[in-house]
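So you can see what is in the structure, the chains are spelled out below.
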Amino acid sequence: MKHLKRLFSMVITLMIIIPATAQTEKTIKRKVAIGRFSNETQYAKGVFYDKENDPMRKQALDILSTKLASSGKFILLEREDLDIIVSEAGDAMNKIGADYIILGSITEFGRKTEGQQKVFSSTKTQTVEAGVSIRLVETATGLIIYSDEAKGFAETTSKQTMGIGGSAGYDATLSDKAISAALSQLVENIINKCMDKPWRSYILSEEDGTYIISGGASQGLSQGDTFTVYRKGKTVTNPQTGLKVELPGTITGTIEVISSFGDTPETELSFCSYKGEELDTDNLTNYYILEE
């Protein structure tokens with residue numbers, strides 16, 4: 001009987017510990033910059049149209065930001081000058097301070113109203129269709145790692161009987177719902193693409209044997225976290241595409257977080273200790289850090 005009680009106790013303990021361990025699996029948040037979401041349609045573009053204050057553009061930007069933030073896997077940064085930075089070559093991409101850039105546009109938008117009149121009743125149906133295009137750019141390479149587009153629909157119906165019932169005008173919330181429906185089809189893929197690649201950081205400075213890296217508590221870094229340090233591989237040019245490709249790096253050692261500081265996700269840094277082969281502290285840009 002004692003053996004059975006002990007076995008039962010062990011089973012209960014395992015049932016408690018295993019789910020708890022799975023739930024506390026560490027995730028380092030990715031920094032994502034949503035710098036531009038343009039309206040490429042002609043809808044509501046009159047003589048006094050202001051591109052910077054386009055309401056549909058702001059709707060799409062807010063909806064996408066909300067959906068990504070609710071996943072709990074991202075720190076969102078806004079960059080109004082992304083178009084300029086993306087067009088530049090070389091290390092300019094790293095000035096963004098983000099792991100990924102999202103560029104989007106509303107490519108289609110239309111609405112229609114249909115009605116049906118009967119002897120004692122009438123119905124009115126409003127339908128809105130929106131098309132959205134998304135590009136996800138990896139700042140470390142400047143390459144587009146995901147590109148897709150989707151369409152969303154939304155509609156509402158009002159009915160009157162013997163002159164009694166709804167007679168609403170155009171429902172402005174339908175545009176929100178249609179854009180949201182389109183973005184919902186793309187958000188999961190954006191999340192998967194960002195999280196599939198290991199988190200990457202850089203050594204910014206070295207002071208008396210202590211190394212400072214980008215990233216901090218808001219991303220999920222904490223004391224004792226250990227990461228692998230790599231020396232960058234050689235950069236070669238693909239003769240077919242003309243694009244520069246960085247070859248895989250070589251492991252030089254490991255770095256362990258001692259403490260973090262900083263007021264915002266953009267300024268957060270971490271102090272670390274390092275173990276491994278000696279680093280060239282005069283050329284720390286030749287190294288990077290990867291989450292295993």
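What counts, and at which threshold
Residues numbered from 1 in each chain as written. Predicted model: local features only at pLDDT ≥ 70, side-chain atom pairs only at ≥ 80, totals over all residues. Heavy atoms only, no water. Phe/Tyr/Trp six-rings, centres within 6.5 Å; stacked < 30°, edge-to-face > 60°. Helix = DSSP H or I, 4+ residues; strand = E, 2+ residues; numbered from the N terminus. Buried < 20%, exposed > 50% of the residue type's maximum accessible area, 1.4 Å probe, protein only. Core = buried A, V, L, I, M, F, W, Y, C linked by side-chain atoms within 4.5 Å. Contact = heavy atoms within 4.5 Å. Axes fitted to C-alpha atoms, helices over the stretch in contact; angles between N-to-C directions. Parallel < 35°, antiparallel > 145°, perpendicular 65-115°, else oblique. Left-handed = near helix turned anticlockwise from the far one by under 90°. Nonpolar A, V, L, I, M, F, W, Y, C, P; charged D, E, K, R; others polar. Pairing = 2+ DSSP bridges. Salt bridge = Lys/Arg side-chain N within 4 Å of Asp/Glu carboxyl O.

> What's the story with the packing of aromatic side chains in this structure? I'm lost.
One pair of aromatic rings is described through two measures. These are the centre distance and the angle between the planes. Within this structure, the stated rule accounts for four aromatic pairs. Ring geometry for Trp199 and Phe227: centres 5.1 Å apart, planes at 55 degrees, overall tilted. Taken together, the positions of Trp199 in the loop between helix H4 (173-196) and strand S7 (200-201) and Phe227 in strand S10 (residues 226-231) put the pair 28 residues apart, joining distant regions of the chain. The buried category is assigned to Trp199, whose relative accessible area is 2%. On the basis of an interplanar angle of 5 degrees and a centroid distance of 5.4 Å, the ring pair of Tyr230 and Tyr288 is categorised as stacked. Within this pair, whereas Tyr230 is found in strand S10, its partner Tyr288 is found in strand S15 (residues 287-290), the two being separated by 58 residues in sequence.

> Can you help me understand unusual backbone geometry in this one?
Backbone geometry follows two general trends: most residues other than glycine have a negative phi, and most peptide bonds adopt the trans configuration. Backbone geometry places Asp208, a non-glycine residue, at a positive phi of 50 degrees. Structurally, Asp208 can be placed in the loop between strand S8 (203-207) and strand S9 (210-214). What makes Asp208 exposed here is its relative accessible area of 80%.

> Looking at this structure, how should I read the nonpolar core?
Here is a general trend for soluble globular proteins: nonpolar side chains tend to be buried in one another's company. Residues Phe37, Leu64, Leu68, Ile102 and Ile134 are the most contacted members of the largest nonpolar core, which totals 32 residues. Breaking this core down by element, the ones donating at least two residues are strand S1 (30-39), helix H2 (55-70), strand S3 (100-117), strand S4 (121-138), strand S5 (143-161) and H4. When residues in this core are grouped by element, the largest group, ten residues, is from H4. Among all residues touching Leu64, those that are not within four sequence positions of it are Ile34, Phe37, Ile102, Ile134, Leu183, Val187 and Ile190.

> Please clarify how the packing of H2 against H4 should be interpreted in this entry.
For any two helices packed against each other, the geometry comes down to the angle between their axes and how far apart the axes lie. Taken N-terminus to C-terminus, the directions of H2 and H4 make an angle of 40 degrees; their axes are 9 Å apart at the nearest point. Considered as vectors, H2 and H4 are oriented oblique to each other. Handedness of the H2/H4 crossing: right-handed. Residue-level contacts link Met56, Gln59, Ala60, Ile63, Leu64, Lys67 and Leu68 of H2 to Ser175, Asp176, Ile179, Ser180, Leu183, Ser184, Val187, Ile190 and Ile191 of H4. Tallied by class, the residues present in the contact of H2 with H4 amount to ten nonpolar, four polar and two charged.

> What is the right way to look at the sheet that holds S15 in this model?
Backbone hydrogen bonds are what pair the strands of a sheet, in a parallel or an antiparallel way. One open sheet holds the seven strands; their spatial order is S7-S15-S10-S13-S14-S9-S8, and the pairing between them is antiparallel. Strand pairing shows two members of the sheet lacking a second neighbour, S7 and S8, which therefore form its edges. As paired strands, strand S13 (residues 250-261) and strand S14 (residues 269-276) are joined by eight bridges and run antiparallel to one another. Across the sheet, Gly253 pairs through a bridge with Gly276, a residue of S14.

> Before we go on, may I ask you to explain the pattern of salt bridges in this structure?
Side chains carrying opposite charge are able to pair once their charged atoms draw close together. Taken as a whole, this structure holds six salt bridges when the rule is applied. Measuring nitrogen to oxygen at the nearest pair gives 3.4 Å for the salt bridge that ties Glu108 to Lys151. Separated by 43 residues along the polypeptide, Glu108 in strand S3 and Lys151 in strand S5 bring together distant segments of the chain. Taking the relative accessible area as the measure of exposure, Glu108 reaches 33% and is therefore partly exposed. Here Glu246 and Arg200 are joined by a salt bridge, their closest N and O atoms 3.6 Å apart. One end of the pair, Glu246, is in strand S12 (residues 244-246); the other, Arg200, is in strand S7, and 46 residues separate them in sequence. A relative accessible area of 23% places Arg200 in the partly exposed class. When salt bridges that share partners are traced, they join Glu108, Glu129 and Lys151 into one network.

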